[in-house]
Amino acid sequence: MKNVIFHLDMDSFFASVEQQANPKLAGKPVGVIKGEGRTCIIAASREAKKLGIKTGTTTYDAKKIEPKIILVPADFDKYFSVTKRFIEICSRYSPDLEVFSIDELFLNVTKTADLFGGVSGIVCGIKKAIKKEFGEYITCSVGISYNRLLAKLASDINKPNGVFEITLQNRDEILFKAKLTDVCGLGSALEKRLQNMGITNFKTLREVPIEFLEASLGPFWPKELKRLSYGEDDSLLTRVGDPPAGGSKMKSVSRTFTLYQNTTDLKIVRATLRNLCEEAGWKVRKMGMMGREVEVAI
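All of these numbers come straight from a predicted model, not from anything done at the bench.

Asker: Would you explain the nonpolar core in this entry?
Answerer: Looking at soluble globular proteins, one finds that nonpolar side chains tend to be buried together. Core analysis: the biggest nonpolar cluster contains 34 residues, and Phe6, Leu8, Leu107 and Ile126 have the highest contact counts within it. The set of elements that each furnish at least two residues to this core consists of strand 1 (5-10), helix 1 (13-21), strand 3 (41-44), helix 4 (76-91), strand 6 (104-108), helix 5 (118-134) and strand 7 (140-145). Among the elements that make up this core, the one with the highest residue count is helix 5 (six residues). Sequence-distant contacts of Phe6, that is, excluding residues within four places in its chain, are made with Leu105, Phe106, Leu107, Val109, Val119, Ile122, Val123, Val142, Gly143, Ile144 and Ala151. Formed by 23 residues, the second largest nonpolar core is a distinct cluster that contains Leu150, Val208, Leu217 and Leu225.

Asker: For this particular structure, what's the right way to read the pattern of salt bridges?
Answerer: When the charged atoms of two side chains with opposite charge come close together, those side chains can pair. Summed over all chains, the structure comprises 14 salt bridges. Between Glu104 and Lys152 there is a salt bridge, with the nearest N and O atoms lying 2.9 Å from each other. Of the two residues, Glu104 sits in strand 6 while Lys152 sits in helix 6 (residues 148-155), which places them 48 residues apart along the sequence. Residues Glu104 and Lys152 agree in their burial class; the two are buried. Residues participating in the shared-partner salt-bridge network are Asp9, Asp11, Arg46 and Lys159.

Asker: In this structure, what is going on with the packing of helix 1 against helix 4? I would like to understand it.
Answerer: Interaxial distance between helix 1 and helix 4 falls to 10 Å at its minimum, and their mutual angle equals 95 degrees. Between helix 1 and helix 4, the angle falls in the class roughly perpendicular. Residues Phe13, Phe14, Val17, Glu18 and Ala21 of helix 1 form the contact with helix 4, whose own contacting residues are Phe76, Lys78, Tyr79, Val82 and Thr83. Classifying every residue of the contact of helix 1 with helix 4 by side-chain character gives seven nonpolar, one polar and two charged.

Asker: Which parts of the structure should I look at to understand helix 1?
Answerer: Two residues of an α-helix separated by three or four positions point the same way, owing to the 3.6 residues in each turn. When you tally the buried positions in helix 1, you get seven out of nine residues, the bulk of the element. Every buried residue belonging to helix 1 is among Phe13, Phe14, Ala15, Ser16, Val17, Glu18 and Gln19, and all of these are buried. The secondary structure elements touched by the buried residues of helix 1 are strand 1, strand 2 (30-33), strand 3, helix 2 (46-50), strand 4 (70-73) and helix 4.

Criteria and cut-off values
- Residues numbered from 1 in each chain as written.
- Predicted model: local features only at pLDDT ≥ 70, side-chain atom pairs only at ≥ 80, totals over all residues.
- Heavy atoms only, no water.
- Core = buried A, V, L, I, M, F, W, Y, C linked by side-chain atoms within 4.5 Å.
- Buried < 20%, exposed > 50% of the residue type's maximum accessible area, 1.4 Å probe, protein only.
- Helix = DSSP H or I, 4+ residues; strand = E, 2+ residues; numbered from the N terminus.
- Contact = heavy atoms within 4.5 Å.
- Salt bridge = Lys/Arg side-chain N within 4 Å of Asp/Glu carboxyl O.
- Axes fitted to C-alpha atoms, helices over the stretch in contact; angles between N-to-C directions.
- Parallel < 35°, antiparallel > 145°, perpendicular 65-115°, else oblique.
- Nonpolar A, V, L, I, M, F, W, Y, C, P; charged D, E, K, R; others polar.

Given below as structure tokens:
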């Protein structure tokens, strides 16, 4: 039986929840910030995204793009409440569910699709329930495929509120159009190394000899990259409450923090960096993991 995996990704999640909760924000460019005085946007509404404002944009730059942008302090309790209800809606269609982040999850409907009118029946059912229980501003995009990796790639293709399926027949067409970092597991640092080697897309990555990759990237990444170039992924979903098997499920650990104001004071920068490193290191040790790379973004 061919697997049927959904990746459901809530659209502009924090901003959409704020718009749903406050009708005065509906249809307007909204930027969610961590708190009063913070200078970085952590989520942008659809209207703000259309103007070029996105996650990571500073409030200064956002106001240059759109002086009327509305900045709203984040309310994580409110977002978690919606997340819990979203999980409950999706769990009606299969118990095989993995929460991937606060606004996205994987759902394996291989064994249950026929009970709900097939794939289209489940998609319609989930979208109708979201609209009925949350309102019109909170929507999700759905990616469908035969593994997790391709389902996640598919959910980005018809955003917002879209549906897309990647099959064996259209897999290569989609992969060869995608950016390297569109595939989960391939980050910007590795993308830069590949670009320096003349590899800018998955078609070239698939065709290049593995010996060429091994000469520059060592023993691990070449096999992993070849696997990604074919959209291969044999990982299973980790159900809610289940620990990752052998710790292998978790690919990375990270910590981020936004200062209340910009600074060039090296004491503050170093202290913040030290605290974040200690927190990430503690989490790595707690999970019994080992690291191969360390990345810092400022």
